[in-house]
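Here is what each chain is made of, one letter per residue.
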Amino acid sequence: MSDAAELGRPVFFLYPPSVFEEQLVQLVVQAEYEVYLLKDHRKAPRLLASYPTAILFVNIDEKIRDMEWERYITALMKNSATAGVRIGILSYNSDPDLARHYLIDLSVPCGFIQLKLGIKESARILLTVLEANEARGKRRYVRAPVPPGAKVAFNVKNGRSLNRGTIRDISAAGMSCRFDERPGYEVGAALDDIQLNLRGRNIVLSGSVAGVRDTPEGPLYVVLFSKSTESLVRSKLHGFIHETLQTEMDARLARLP
């Protein structure tokens, strides 16, 4: 089974329109797609070479110096390092000839999405394209590793006791974590008052212990959040996950020559 089928395809947006950054990205992230925003077309090909199964949406309304988007996209599709990247177009231009050019002449596989249709309709089309290209893969939730030293922690109230700890990784469905001191929780234990501090996002929810594994650093707990978690809380989790992954991708892009 291919990595794309198993893990899904990362979804990149090159020079996303402001409306996308403000609204559409949240809808795509909340649909459990791994989303990254790129704002450097010069480094993008070198970055994408490391993600050969990615999907890339290009905002062709953005002007680029010394190169037309048509040549840029053609170069990506012909380069052996990025030929597997599936490309789609974003634009406010509703000219059917322009759309036909990209779809028929250039054969971009992920469509031409006209943003003039409005947020709701653009989001519907975008999510349909991602679903058709199996961008989610077999993975149900996007998970973000928490880098060492990040201002991320949690505590669990249990009666009069307060058990603190650190988070190793987190998704909208749960987290793997370590407690500062052994709390004595067994598999199946209900955690009715979990408080997360995710870089200033304070989130209160409930969950249960789904597993415990011994590691050289101590017991690693897998906690599943309650399925009844409120949508606002899930939205905050999705926001943190996207922010964490984006920060790591920005750092990777910055390291490229």
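The structure presented is a predicted model; accordingly, all values stated were derived computationally and were not measured. (Residues numbered from 1 in each chain as written. Predicted model: local features only at pLDDT ≥ 70, side-chain atom pairs only at ≥ 80, totals over all residues. Heavy atoms only, no water.)

**Some points on the packing of helix α2 (residues 18-30) against helix α7 (residues 231-255)**
Here α2 crosses α7 at 100 degrees, and the two axes come no closer than 10 Å. Classed by the angle they form, the pair α2 and α7 counts as roughly perpendicular. Only Ser 235, His 238 and His 242 of α7 make contact with α2, whose side of the interface consists of Val 25, Val 29 and Gln 30. Grouping the constituent residues of the contact of α2 with α7 by class yields 2 nonpolar, 4 polar and no charged. (Axes fitted to C-alpha atoms, helices over the stretch in contact; angles between N-to-C directions. Helix = DSSP H or I, 4+ residues; strand = E, 2+ residues; numbered from the N terminus. Parallel < 35°, antiparallel > 145°, perpendicular 65-115°, else oblique. Contact = heavy atoms within 4.5 Å. Nonpolar A, V, L, I, M, F, W, Y, C, P; charged D, E, K, R; others polar.)

**Structural notes on the confidence of the model for the protein**
Across the protein, the average pLDDT comes to 93, with 98% of residues at or above 70. Of all secondary-structure elements in the protein, the lowest mean pLDDT belongs to helix α1 (residues 3-7), at 67, while helix α3 (residues 44-48) reaches the highest, 98. (pLDDT = per-residue confidence, 0-100.)

**Regarding the packing of aromatic side chains**
Within a pair of aromatic rings, the relevant descriptors are the distance that separates the centres and the angle that separates the planes. Under the defined criterion, the tally for this structure stands at 9 aromatic pairs. Between the aromatic rings of Tyr 102 and Phe 112, the centroid separation amounts to 6.2 Å while the plane-to-plane angle is 45 degrees, which identifies the pairing as tilted. Residue Tyr 102 is located in helix α5 (residues 96-105), and its partner Phe 112 is located in strand β5 (residues 112-114); the two are separated by 10 residues in the primary sequence. With respect to class, Tyr 102 is no different from Phe 112; both count as buried. (Phe/Tyr/Trp six-rings, centres within 6.5 Å; stacked < 30°, edge-to-face > 60°. Buried < 20%, exposed > 50% of the residue type's maximum accessible area, 1.4 Å probe, protein only.)

**Regarding the packing of α2 against helix α6 (residues 119-132)**
At a minimum axis distance of 10 Å, the contact between α2 and α6 shows a crossing angle of 50 degrees. With respect to each other, α2 and α6 are oriented oblique. Helix-helix and strand crossings are classified by hand; for α2 and α6 the assignment is right-handed. Between α2, through Val 19, Phe 20, Gln 23, Leu 24, Leu 27 and Val 28, and α6, the contact on the second element is made entirely by Ile 119, Ser 122, Ala 123, Leu 126, Leu 127 and Leu 130. Of the residues assigned to the contact of α2 with α6, the class counts are 10 nonpolar, 2 polar and no charged. (Left-handed = near helix turned anticlockwise from the far one by under 90°.)

**Some words on unusual backbone geometry**
The phi torsion of most residues other than glycine is negative, and most of the peptide bonds are trans. The phi torsion at Ser 107 lies on the positive side, around 60 degrees, for a residue other than glycine. Its location among the elements puts Ser 107 in the loop between α5 and β5. Relative accessible area serves as the criterion here: at 44%, Ser 107 is assigned to the partly exposed category.

**Focus on the side chain of Glu 34**
Structurally, Glu 34 is set in the loop between α2 and β2 (35-38). For Glu 34, the side chain forms a polar contact with the side chain of Tyr 36, separated by 2.5 Å. Contacts of Glu 34, omitting those with residues within four sequence positions, involve Arg 9, Pro 10, Val 11, Arg 139, Val 142 and Leu 245. (Polar contact = N/O pair within 3.5 Å; in protein donor to acceptor, adjacent residues only side chain to side chain.)

**Points about the environment of Arg 199**
Mapped onto the elements, Arg 199 comes out in the loop between β10 (190-198) and β11 (201-213). With a relative accessible area of 31%, Arg 199 lands in the partly exposed category. It is 32 Å that separates the C-alpha atoms of Arg 199 and Glu 62, two residues lying 137 residues apart in sequence. Here Arg 199 is in contact with Pro 147, Ala 150, Lys 151, Val 152, Phe 240, Glu 243 and Thr 244, once residues within four sequence places are set aside.

**Some remarks on the pairing of strand β3 (residues 55-59)**
Across the 5 residues of β3, 5 count as buried, placing the element largely inside the fold. Of the pairings in the sheet, the one linking strand β1 (residues 11-14) to β3 comprises 4 bridges and is parallel in character. Each bridged residue has a counterpart across the sheet, and for Phe 13 the counterpart in β3 is Phe 57. In this structure, β3 lies alongside strand β4 (residues 86-91), joined through 5 bridges in parallel fashion. Counted as the bridge partner of Ile 55 is Arg 86 from β4. (Pairing = 2+ DSSP bridges.)

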